[in-house]
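Take a look at the letters that make up each chain.
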Amino acid sequence: MKTLRKNIDLDNETIAILQIEATLKGYGSLKPFIESLINDFAKKCKKNRPTVYKQIAEQKVHASKKKLQ
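Residues numbered from 1 in each chain as written. Predicted model: local features only at pLDDT ≥ 70, side-chain atom pairs only at ≥ 80, totals over all residues. Heavy atoms only, no water.

## So, the layout of surface pockets
And then number 1: Approximately 150 Å³ is the volume found for the second largest pocket.
And then number 2: As for the second largest pocket, its lining consists of R5, K6, N7, I8, K31, I34, E35 and I38.
And then number 3: Among the residues forming the lining of the second largest pocket, the class breakdown is 3 nonpolar, 1 polar and 4 charged. (1 Å grid on protein atoms, 1.4 Å probe; cavity = no way out; pocket = protein on both sides within 12 Å on 5 of 7 lines; lining within 4 Å. Points joined across faces, edges and corners; volume = space filled by probe spheres on them. Nonpolar A, V, L, I, M, F, W, Y, C, P; charged D, E, K, R; others polar.)

Here it is in structure tokens:
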């Protein structure tokens, strides 16, 4: 996986539902609401399968250290 896709396509009904939920939960717009959903899901995945994600996390840290040098 060399590149990560960051955009998604959703149908209008899904967008409307998410926008309503975002508003009801006090988010100013849809983007931060969706980001919080995705972040929460990723945290649960990492917690449930730590060995799967450990290598990815280590590679990311290693790459960050290279950028700083």
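## Let's talk about the environment of T23
And then number 1: With respect to the helices and strands, the residue T23 is situated in helix α1 (residues 12–24).
And then number 2: The class for T23 is exposed, based on a relative accessible area of 51%.
And then number 3: For T23 and F33, which are 10 residues apart along the polypeptide, the C-alpha to C-alpha distance reads 8.9 Å.
And then number 4: Side-chain polar atoms of T23 contact the backbone oxygen of Q19, separated by 2.9 Å. (Helix = DSSP H or I, 4+ residues; strand = E, 2+ residues; numbered from the N terminus. Buried < 20%, exposed > 50% of the residue type's maximum accessible area, 1.4 Å probe, protein only. Polar contact = N/O pair within 3.5 Å; in protein donor to acceptor, adjacent residues only side chain to side chain.)

## Thoughts on the confidence of the model for the protein chain
And then number 1: Confidence in the prediction of the protein chain, expressed as mean pLDDT, is 85, and 81% of residues score 70 or more.
And then number 2: For the protein chain, the element scoring lowest by mean pLDDT is helix α3 (residues 50–68), at 73; α1 scores highest, at 96. (pLDDT = per-residue confidence, 0-100.)

## A word on α1
And then number 1: Spanning 13 residues, α1 covers 18 Å between terminal C-alpha atoms, matching the ideal 18 Å at 1.5 Å per step.
And then number 2: Two or three places before E13, at the opening of α1, D11 has a side-chain oxygen 3.1 Å from that residue's backbone nitrogen.
And then number 3: Looking one or two residues beyond α1, the residue adopting positive phi is G26, at roughly 90°. (Expected span 1.5 Å × (residues − 1).)

## Points about the nonpolar core
And then number 1: One finds L18, A22, L30, F33 and I34 forming the largest nonpolar core, which totals 5 residues.
And then number 2: Going through the elements one at a time, α1 and α2 (30–48) are the ones with two or more residues in this core.
And then number 3: The element best represented in this core is α2, accounting for 3 residues. (Core = buried A, V, L, I, M, F, W, Y, C linked by side-chain atoms within 4.5 Å.)

## Section: the pattern of salt bridges
And then number 1: Going through the model one piece at a time under the given rule, you end up with 1 salt bridge.
And then number 2: The partner of K31 in a salt bridge is E35, with the nearest N and O atoms 2.7 Å apart. Here the residue K31 and the residue E35 both occupy positions in helix α2, the gap between them amounting to 4 residues, near one helical turn.
And then number 3: What makes K31 exposed here is its relative accessible area of 55%. (Salt bridge = Lys/Arg side-chain N within 4 Å of Asp/Glu carboxyl O.)

## Here we look at α2
And then number 1: Given a rise of 1.5 Å per residue, 19 residues ought to cover 27 Å, and the 27 Å separating the end C-alpha atoms of α2 matches this to within 8%.
And then number 2: What α2 keeps buried is the set L30, F33, I34, S36 and C45.

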